[in-house]
Each structure stands twice: as C-alpha cells, then as structure tokens.
Amino acid sequence: MEIIRAENVTKKYITKKALNELNMTLEEGKIYGLLGPNGSGKTTFMKMIVGLIQPTSGEISINEKRIGVETKKIMAFMPTHNHLPKWMKIRNCVEYFNDFFEDFNMEKAQELLKFMELEEKQKVGSLSTGMLQRLKLSLILARDAKVYVLDEPFNGIDPISREKIMEAVLRVCDENKTMIISSHLVKELESILDEVIFIGEGKVVLKGSAEEFRMEKNMSIDELYREVYKNA
Amino acid sequence: MLKLLKYEWMSRWKFFLGGIVIAIALNIDLIRSILNEQTPSKFAIFASIGIFVMGVGLFFDHIARMYKSLFGEERYLLFTTTCSGYHILGSKIIGITLEAFGIFVFAMLMMIIDQKIAVYKYPQLMENFQSFYTEGIKEIFTLFMILLVGYITFILIIYLSVTLSKSVFSVFKYGKILSFVCFLVISRIVGKVVGYFDKFVDMHALSYGMTSFNFEGSMSYFVFNLCMIGILFMITGYLLDRKLNL
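Residues numbered from 1 in each chain as written. Chains lettered and ligands numbered in written order. Predicted model: local features only at pLDDT ≥ 70, side-chain atom pairs only at ≥ 80, totals over all residues. Heavy atoms only, no water.

Participant: Can you help me understand the interface of chain B and chain A in this one?
Facilitator: How big an interface is tends to be expressed through the accessible area that disappears when the partners come together. Tallying the contact residues gives 25 residues for chain B and 30 residues for chain A. Across the chain B to chain A interface the summed buried area is about 2800 Å²; carbon plus sulfur atoms make up 61%. Contact with chain A buries surface across chain B, with Tyr7, Leu77 and Thr82 of chain B losing the most and accounting together for 25% of the total. The interface formed by chain B and chain A includes two salt bridges. (Contact = heavy atoms within 4.5 Å. Buried area = accessible area lost by both parts, 1.4 Å probe. Salt bridge = Lys/Arg side-chain N within 4 Å of Asp/Glu carboxyl O.)

Participant: Mind showing me how you'd approach the packing of helix 4 (residues 106–115) of chain A against helix 5 (residues 129–141) of chain A here?
Facilitator: When two helices pack together, their arrangement is given by the angle between their axes and by how far apart the axes lie. All names here are of chain A. As a packed pair, helix 4 and helix 5 sit with axes 8 Å apart at the nearest point and diverge in direction by 155°. As far as their axial angle goes, helix 5 and helix 4 are roughly antiparallel. Relative to helix 5, the crossing made by helix 4 is right-handed. Residue-level inspection shows Lys108, Leu112 and Leu113 of helix 4 in contact with helix 5, the latter providing Leu135, Ser138 and Leu141. Across the contact of helix 4 with helix 5, the residue classes break down as four nonpolar, one polar and one charged. (Axes fitted to C-alpha atoms, helices over the stretch in contact; angles between N-to-C directions. Helix = DSSP H or I, 4+ residues; strand = E, 2+ residues; numbered from the N terminus. Parallel < 35°, antiparallel > 145°, perpendicular 65-115°, else oblique. Left-handed = near helix turned anticlockwise from the far one by under 90°. Nonpolar A, V, L, I, M, F, W, Y, C, P; charged D, E, K, R; others polar.)

Participant: Got a minute to help me understand the confidence of the model for chain A in this structure?
Facilitator: Low-confidence regions, as indicated by low pLDDT, have predicted coordinates that should not be scrutinised in detail. Averaged over chain A, the pLDDT score is 90; the fraction of residues at 70 or greater is 100%. Per-element averaging of pLDDT across chain A places helix 6 (residues 159–172) of chain A at the bottom with 82 and helix 3 (residues 90–100) of chain A at the top with 95. (pLDDT = per-residue confidence, 0-100.)

Participant: When you look at the pairing of strand 2 (residues 17–27) of chain A in this model, what are you seeing that I'm missing?
Facilitator: One face of the sheet, then the other: side chains in a regular strand alternate in exactly this way. All names here are of chain A. Two elements, strand 1 (residues 2–12) and strand 2, share seven bridges in a ladder whose sense is antiparallel. Looking at strand 2, one finds that Ile4 is bridged to Leu26. Counting the residues between successive antiparallel strands, the hairpin from strand 1 to strand 2 contains four residues. (Pairing = 2+ DSSP bridges.)

Participant: Is there a simple way to think about helix 4 of chain A in this case?
Facilitator: Each full turn of the α-helix corresponds to 3.6 residues, which orients residues three or four apart in the same direction. All names here are of chain A. Of all the positions in helix 4, only Ala109, Leu112, Leu113 and Phe115 are classed as buried. Projection of helix 4 onto a plane perpendicular to its axis shows the buried side chains occupying an angular sector of 160°, all on one side. Exposed side chains of helix 4 directed beyond 90 degrees from the buried face belong to Glu107, Glu111 and Lys114. For helix 4, the elements touching its buried residues are helix 3, helix 5 and helix 6. N-cap assignment for helix 4: the residue whose side-chain oxygen lies 3.0 Å from the backbone N of Glu107 is Asn105. The positive-phi residue at the C-terminal boundary of helix 4 is Glu117, with phi of around 60°. (Buried < 20%, exposed > 50% of the residue type's maximum accessible area, 1.4 Å probe, protein only. Arc of directions from axis to C-beta. Polar contact = N/O pair within 3.5 Å; in protein donor to acceptor, adjacent residues only side chain to side chain.)

Structure follows, in structure tokens:
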C-alpha cells in the first residue's frame, strides 16, 4: 500500500534548486535507502515529508493526507544534528516524547535505552556524538509510528554504535512500518535495505529493489552507488 | 499548549527562583532599614541592580523565545511534534502573560506585606493607604493591563518578523534584513495608531493618588491592542503552521 506520494516536487532557492520536479512513491512495510552525495536533495526531501520545509511547487501526500498536524502524528523524524535541548536529562527527553506523541511507548523506550547503554540521569549536553545518536534513535523508535525518517543516522559514530543502531532499526521493522534512511555510508546500510532510491541534483536518478539491483547488475549497492555517482 | 509551557518553564526555573529569592531578600533588607531608620545597605543596592538586570534579561528572553524555536537546534523537535503553529505561538504568549501576572501579583503582595509591617512603626501610613485598598489597587491593575497588552503587541510584532524570516523570506539571501524592515514598518504603523490614544492615556498622570486617569480612553487603547494581538496572532500562527522553512 502506498504511504508517501510526491508529485513534481520542486524546492527552489535563489541560486539553485534543491529538488527539481521530483516524483516518488513509497510503499508501506519497506526499508528505503535514500542515497546520494552531499547536496543531492536527500535532507530537503526528508524535511519536506515531515513538514519542516514547504515545497515551492508540487504536492506531497502522506497516507493520502496533506502534510500537517495529522501526518505528523504518524511520522517519526530523526535529524542529523542534535535536536534535543541540552539542558534536558535523558529522563526529561523521554517525558517530552511521552507528552507530545500519543504513539510513544514508555516501556519500549526504557528497553531501547537499556539496549543502547544509556542512563536516564545523563544530561543531553554531556553526551558524546555516538551516545546522542543512540539516544535520538531510541526516542524515535520507541514511537509506534507508521513512517520513520532517519537522516544520516550513522554520522560521526563508531562501528559498535553503528551495529547497535542497525540492530535497533531491524527490531522495530514490521509490515506496517516504513523506514526511510539516508546515508552516504552505503556499505554499512545496504544489508538492511529493501529498496534503494538514488537522488542526484534534486531528482530520482534510480529507484528499485536492492535485491533485484544486486542480481541484475551483479554488483553490491555500494558498487552501484559508485557507478551512479562516478561523475558527481 | 500547556505541555509546551511546562517545558518552557522547566528550562527557566532556576532563573525564576533566583529572582524570587533576591526580591524577597531585598525586601527584607529594605524593611529592616526602614524600621531601624537606616539608609539602605550595600546589599540592597546590589540586589536592586540584580533585579533590574534580571528584568532586562527576562525581556530579552521573551524576545528570544521565538528566535530560539525557529533558529535553535531544538527547532526540529518542536516542529515535528503534533502541535500546530497556533499552539506553539499560543503557549509562548500565555507563558509571557502568566509571567507578567506572576511578577505583578508578587510585587503587589510584597507591597501589602511591607505596608502591614511598616504601619507599626509609622501609624500615619495607614491613613494614606486607606484609598489604596479601595481605588489604588484597581487603578494599578488597570495600568498593568494597559502595559501588558502593549507589551504583548510589541512581542507579537517581533515574533511575526522572526517568523517571516523563516517562512516567506527564507529563500532570500537577505531574509533576516527584510524581516527586520518589516518589524520597523509594522512597529511604525502600530506606533502611529497608538499615538492617537496617547491623548487619552496620560502615563505621566498615572501615579499613586491619581485623579486624572481616563478610563474611557484607556479602554479604547486596550481594545485596539487586543485587536492587534488577535491579528498578529492569526498571521504569525498561520505562517508557523503552513509556511515554515526550517
């Protein structure tokens, strides 16, 4: 079942187009890898579907609804940078999510925090990059959202944290949840992807099943990525 | 909306607590000086400066609240919650209003307590305060309300300008400058209209024992500001809800 539809979406800034007549449909129950080099439009698209950026033209619908308060209820977004207030303790962050998201599961959050080796009394401002990424992910995955949007979840983190994040992502996935993960660390990500979407200059360059690409082109997604963006 | 307010205050409780402690300490010191017929101590001078600095700090904090929400790291958290733009703006305005009321009530309580204590030493104070309990409080409250609606209008003009820089003007290179120009233009227009009410509301006449206070004029001023608050709130709320580019 279709969950996200983007039609002729353009985002124009003064000197450049971050998205250029982008068309895309995403289905329920799949893990999508949004791949592309820096400045290709991945983050712009992600911010757009969670309602943080408005398109200059074109339309986006989530679950057949226009982006707004109703769609925010089913979308869980993890940005690249820290978006949690530094004065908060982890306990406060959990309370915050519990206060603002009806689908937030306290027990699941405690479980995930334990799995990610985080303590509730720790202050956000004192966490390392890896710990912060793990915290952000724990909070997002503790929601029973329909769509999870993770922007560069592996940015600046060590291989052990990466493994933990991958494991946590796989734990929450089921046939009703859609996961959109952007990254340029394709090698680490490719084992969990159902579908890959290559974005370049604000457009979809290539889209399809990760498994089929591997079979058809006889190369890994990482190799395909290098092939697609060799001139970028 | 109240949940948003809860987190606004959670991050500031130390500031408010500090303010309350300094104000109470200052008040005790002043009362002690009055009762002992002494000049105010050095502590009273420093505490007064402290209170003034905190007041200025609170004013800048009120202005910065929207700026932080739109330009700070936490913007992605706030605007991905299920709160609408109107809710977010509403929580900020309610917060500022309640803080102003809190300060007003606190100051009034201090004044009344001081008077009750000082009256033992200076019984003649009671005579002067008779009218305070009847007319004085009512007039001080009216003045407070007039200042409050004016203050909220001013804050909303700033919030609208900040919101413009992250919505309509966000694609322009000089979006922040444009929004500042908007702030100046809106302030000027509002200022011109408010100037019309100046002849009714003579702030210089507002002192204890006031006789020339024009309630009719102040009511027009009050209603005008309420209308401005409504208009500014709707425009800013709409921009926050539908036109943001974070």
